[in-house]
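Here's the letter readout for the chains.
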Amino acid sequence: MSGTGDYQDDQLLNRTLYNSQEELDPGEPIDLTNCEKEPIHIPGMIQPHGVLISVLSESPHTIVQCSANTFEFFGRNAEELIGTPVADLIGGESLQELIDRNLSASDTSDLQYMSLKINAGDTDDRFFGIAHSSEGLIILELEPAQEEPSTTNDYNWIHNFFSRVKRTSTRYEASQVVAEQVKEMLGYDRVMVYEFDEQWNGKVIAEAREVGLEPFLGHHYPASDIPRQARELYLRNWLRTIVDVDYAPVPIVPTVQPLTGKPLNLSLSVLRSVSPMHIEYLQNMGVQATVTISLIHDGELWGLITCHHYSPKYVPHRIRNLCNFLGAFFSSELVQRQQLDDYQEEIRLRQTASRIVQIFIGNTSSNRVIADLDKEQESLLHLMKASGVVVSYQNDLMFYGKTPSAEQVRDLADWLSSQAKDYTYHSSKLSAEYPPAEKYKKVGSGVLYLSMDQMHRDYIIWFRAEVLQTVDWAGDPAKAVIKADDGYRLSPRKSFEKWREVVESTSYPWLSKELNILPELKSIVRSQTENQLRQMEVEAIQNARILRDNEHRYLQLMELSPVGFFTVTQGKIIYCNSKAAQQLGYESTEELNGKAFHHYIADSSKDGFHQKMEELDTGNTELITGKSYFKQADGDSLLLEYTLASVMHGGEPSFMILIHQGVSSSDKKEYAEMTDQLKSYLVTDSLTGLSICSVFDRELCQEWESCIEEKYSMGLLMIDVDDFRTYNLTHGLKNGDLCLQWVADVLRVLGEREEYHASICRKSGGKFRLRLKDVTKEVMLTLAEEIRQGVEALQIPVQHSLHEYNHEWLTVSVGAAVILPDATTHPDVLFEQAEASLRSAKNQGKNNVTML
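Overview of the structure. Bear in mind the structure is a predicted one, so any value in this text is a computation, not a measurement.

Our next topic: the pattern of salt bridges. According to the stated counting rule, one finds 24 salt bridges in the structure shown. Here E699 ties to R771 by a salt bridge, and the two come within 3.7 Å at their closest N and O atoms. With E699 in helix α21 (residues 693–710) and R771 in strand β31 (residues 767–773), the pair connects residues that are 72 residues apart, well separated along the chain. E699 sits in the partly exposed class, given a relative accessible area of 31%.

A word on the sheet that holds strand β29 (residues 714–721). As summarised here, the arrangement of the six strands in space is β28-β30-β31-β29-β32-β33, forming an open sheet in which the pairing is mixed. Bordering the open sheet on either side are β28 (691–692) and β33 (849–851), each of which pairs with just one other strand. Pairing analysis gives seven bridges linking β29 to β31, with the strands arranged antiparallel. In the sheet register, M714 faces β31, and the bridge partner there is K773. Each of β28, β29, β30 (759–764), β31 and β32 (812–819) touches α21; the most contacted strand, β31, lies at about 25° to it. Lying over the sheet, helix α23 (residues 733–751) contacts β29, β30 and β31, oriented at roughly 10° with respect to β31.

The next point concerns the packing of aromatic side chains. Going through the model one piece at a time under the given rule, you end up with 14 aromatic pairs. The interplanar angle of 65° and the centroid separation of 5.6 Å between the aromatic rings of F74 and F127 together place this pair among those described as edge-to-face. Taken together, the positions of F74 in helix α1 (residues 70–74) and F127 in strand β5 (residues 123–134) put the pair 53 residues apart, joining distant regions of the chain. F74 sits in the buried class, given a relative accessible area of 2%. Given the relative accessible area of 2%, F127 is considered buried. With centroids separated by 5.7 Å and ring planes inclined at 40°, the aromatic side chains of F597 and F609 adopt a geometry described as tilted. Taken together, the positions of F597 in the loop between α18 (578–583) and α19 (603–615) and F609 in helix α19 put the pair twelve residues apart, joining distant regions of the chain.

Glancing now at the environment of I90. Along the chain, the position of I90 falls in helix α3 (residues 87–90). Along the backbone, I90 and K117 are 27 residues apart, and their C-alpha atoms lie at a distance of 6.5 Å. Those residues within four positions of I90 in sequence are excluded, and the remaining contacts are L95, L98, L116, K117, I118 and L140.

A separate point is helix α12 (residues 406–419). Compared with an ideal rise of 1.5 Å per residue, which puts 14 residues at 20 Å, α12 spans 20 Å between its outermost C-alpha atoms and is within 8% of the ideal. Along α12, the positions that sit buried rather than exposed are V409, L412, A413, W415 and L416. Where α12 is buried, its residues touch β14 (388–393), β15 (396–401), β16 (424–427), α13 (430–433), β17 (446–451) and β18 (459–464).

Judged by how many residues are buried, β31 sits mostly within the fold: five of seven residues are covered. In the sheet, β30 pairs with β31 via five bridges, with the strands oriented antiparallel. Its bridge partner being in β31, I760 is matched across the sheet by L770. Between β30 and β31, which pair antiparallel in sequence order, lie two residues; one of them, G765, sits at a positive phi of approximately 50°.

Here we come to the pairing of strand β27 (residues 652–660). The buried fraction of β27 is high, at seven of nine residues. Two elements, strand β23 (residues 564–569) and β27, share six bridges in a ladder whose sense is antiparallel. Residue pairing for β27: F565 is matched across the bridge by L658.

We now examine the environment of A758. Checked against the element boundaries, A758 lands in the loop between α23 and β30. Linking A758 and L770, residues twelve residues apart in sequence, is a C-alpha distance of 6.4 Å. Among all residues touching A758, those that are not within four sequence positions of it are G751, E752, L770, R771 and L772.

Moving on: helix α8 (residues 276–285). The element α8 is largely enclosed, with a buried count of seven among its ten residues. Burial in α8 covers these residues: M277, I279, E280, Y281, L282, N284 and M285.

A cluster of nonpolar side chains, contributed by L340, Y343 and I347, occupies part of the molecular surface with about 280 Å² of accessible area. Take Y343: its relative accessible area is 54%, and that puts it in the exposed class.

Let us now look at the sheet that holds β15. Neighbouring strands of a sheet are bound in pairs by backbone hydrogen bonds; such pairs are parallel or else antiparallel. Read from one edge of the open sheet, five strands run β15-β14-β18-β17-β16, paired in antiparallel fashion. This sheet does not close on itself; its edge strands, each paired only once, are β15 and β16. Within the sheet, the average angular offset between the axes of one strand and its neighbour, ignoring direction, is 10°. Bridge count for β17 against β18 is six bridges, and the pairing is antiparallel.

Bringing the side chain of N69 into the picture now. When you line up the elements, N69 lands in the loop between β3 (63–67) and α1. A polar contact is formed between the side chain of N69 and the side chain of S67, at a distance of 2.6 Å. Ignoring sequence-local partners within four residues, the contact set of N69 consists of P48, G50, V51 and V250.

This part covers the environment of E97. When you line up the elements, E97 lands in helix α4 (residues 92–100). Classification of E97 as partly exposed rests on a relative accessible area of 31%. Counting along the chain gives 17 residues from E97 to M114, while the straight-line C-alpha distance between them is 8.8 Å.

Reading the values: rules and limits
- Residues numbered from 1 in each chain as written.
- Predicted model: local features only at pLDDT ≥ 70, side-chain atom pairs only at ≥ 80, totals over all residues.
- Heavy atoms only, no water.
- Salt bridge = Lys/Arg side-chain N within 4 Å of Asp/Glu carboxyl O.
- Helix = DSSP H or I, 4+ residues; strand = E, 2+ residues; numbered from the N terminus.
- Buried < 20%, exposed > 50% of the residue type's maximum accessible area, 1.4 Å probe, protein only.
- Pairing = 2+ DSSP bridges.
- Contact = heavy atoms within 4.5 Å.
- Axes fitted to C-alpha atoms, helices over the stretch in contact; angles between N-to-C directions.
- Phe/Tyr/Trp six-rings, centres within 6.5 Å; stacked < 30°, edge-to-face > 60°.
- Expected span 1.5 Å × (residues − 1).
- Patch = residues over 30% accessible without salt bridge, like charges linked within 9 Å, V, L, I, M, F, W, Y side chains within 5 Å.
- Areas by Shrake-Rupley, 256 points an atom, 1.4 Å probe, with all protein chains shown as cover.
- Polar contact = N/O pair within 3.5 Å; in protein donor to acceptor, adjacent residues only side chain to side chain.

Rendered as structure tokens:
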């Protein structure tokens, strides 16, 4: 075979160990600033404890290159050997054995060992050889055979190795056994099992060492210690050895191989000379000899077995071959152990997650959820290996471990809800994505967010602290390079003191086994959504009934009214009473129903009347009065007094219109009474007869201003029927309505006494509000306690099987607040304090009164 420059590289010997755009300029010296670019697979030199011969793969199998130390081994100079048939040196039988072997096999853990004799003058010397194919050449590396007195049968040793590894229960235990067994086999001073992280930093996970040596177990090593191209070579050659780090490299003659016109590719060489950077690194450690065994699985390098000796040491071929085999076995075994460890850990995590899920979906009361979370806070933290966790549930924030402040958490939660996909979000570099997190990076550099409902109101946020990324480096990686007079050098790392580095604003990454738990936790979302839908359904039924009750009241009012009454929806008359038809000169109401109302207003009054209607927004509880000319059946116009009210009818915004001629005093009196009755309906709750919430809030704001002027205090009670939703579902809506009416009666009897004159409203469901002016905290607490006792005294029974708190009768929780208003405060402060007091009362077990 001949030719130069056109040879197709073998896959195993691909020369692209570094990006071609990063290649060194010709003549540029190698130092620590550019060692990532060093072409370590083509050094042009070997270590001196053996000899290398490069032979053409095709007949006549001529020697085309060899190392410059052949005279020391064979008694013949390199120049004499080049150009001669290799059979003249190793014999025809050994050549035929080389030719018959598959030297291009892709499994580099199976080295092609062979034993052969070479005539060196008057004697035949025995050598061990290792052969491989390299770009059209056979590379034969020879080392003198040494007598190996063996005290242990290899089979027994391997059996013992396998047995001990199989008896271990975790990958860390298995790694420790391997370190101890390899140390026993090699006789080295130190053996470490070393694994890479995602950034190629390394960590010692197991170690066997001589007594008195400084321990390296748990130490981390920066990725720069093993550059990328070195890791590529560890993938191609499972075992590397250095007999003496102080060796003098032996050049290959000639450096350029004839088939490619490039330096000889030594990717699979066992004698390949080591980078001077690595030699200096080892010398600074005091190491004199090394053996490195690659740990590879599915074509990926994930770790090394690294062996150090503090004096020169040669490892015979038999032992090296055994190490190579064991490295291949342990690579597969260790990965399986890691997978098993991860599987068992995931099972434990799922069991914990199941308990957490049950807390939320198994309880309907927030105080029970909070109590159960308090008991499981360690599990909640361990579930995601978090240093802190915050749970937001029904407007309460629970903090466990080390977390940011409540205000910071709420702001972060708003941002996380906007970033979340499928209710979750995670990051191990939060401040890089959310700059405000820089303020609390020490406790929250990592974040994992899970929303527990579709609206992102309830959520869990796990935090990982920056300090969890603190690692024990073997020396300071930031100071591994120093600039001296003779250029960049490795700094001394002989003592290898622990150096702690905190990776700024970074936490440990969230692992797949942790993120795999999220789908199970998302069942909370499904459960909460179902609960919310059920609650919305109940509320919708209640609202529809309230509307129907209001409509029924209005219909009764119209039917019994001695004055004319219209209901108008979308401009059409939906209902009118007989008095209205009579006043407009019609014999029956059927002649008016379904007609456009504006047809019955005289042209001269239409603009003014429509303007009055536009002044009334939907839900406005005010009444508007005026006079207008209406068209009668005979075409004449009649001046009538009217009153407009905005109502809901059939679920749509509508108007109720009262009309009367007002001729006699009795007519005027009847009209005034009906107007007052309509006004009362607009501002009261149809179920309880208490004020509606909008009126209550409006009047509170008005009184707030007067309190500021008069320097009076204002008190507010928030009253909530405990577990009213559950009561509704258990006893039915009609019984629920009756329950609310009884509670409203208690509030009226106690709150409207002469000494109080309280204003009371029903907010929604089982929630009520009570307001007092010019009151002390003591008085508010007294009234609140009377209300609590009054409701309990009603003895409204509950069913314990469906109820979560241990009270025989239905109860209420009351939150109280008293504030002296001033120009700097807003009524919202009063509402917030009362709400906070109510939450506290609920959290204390319900049937409580609290003022914060």
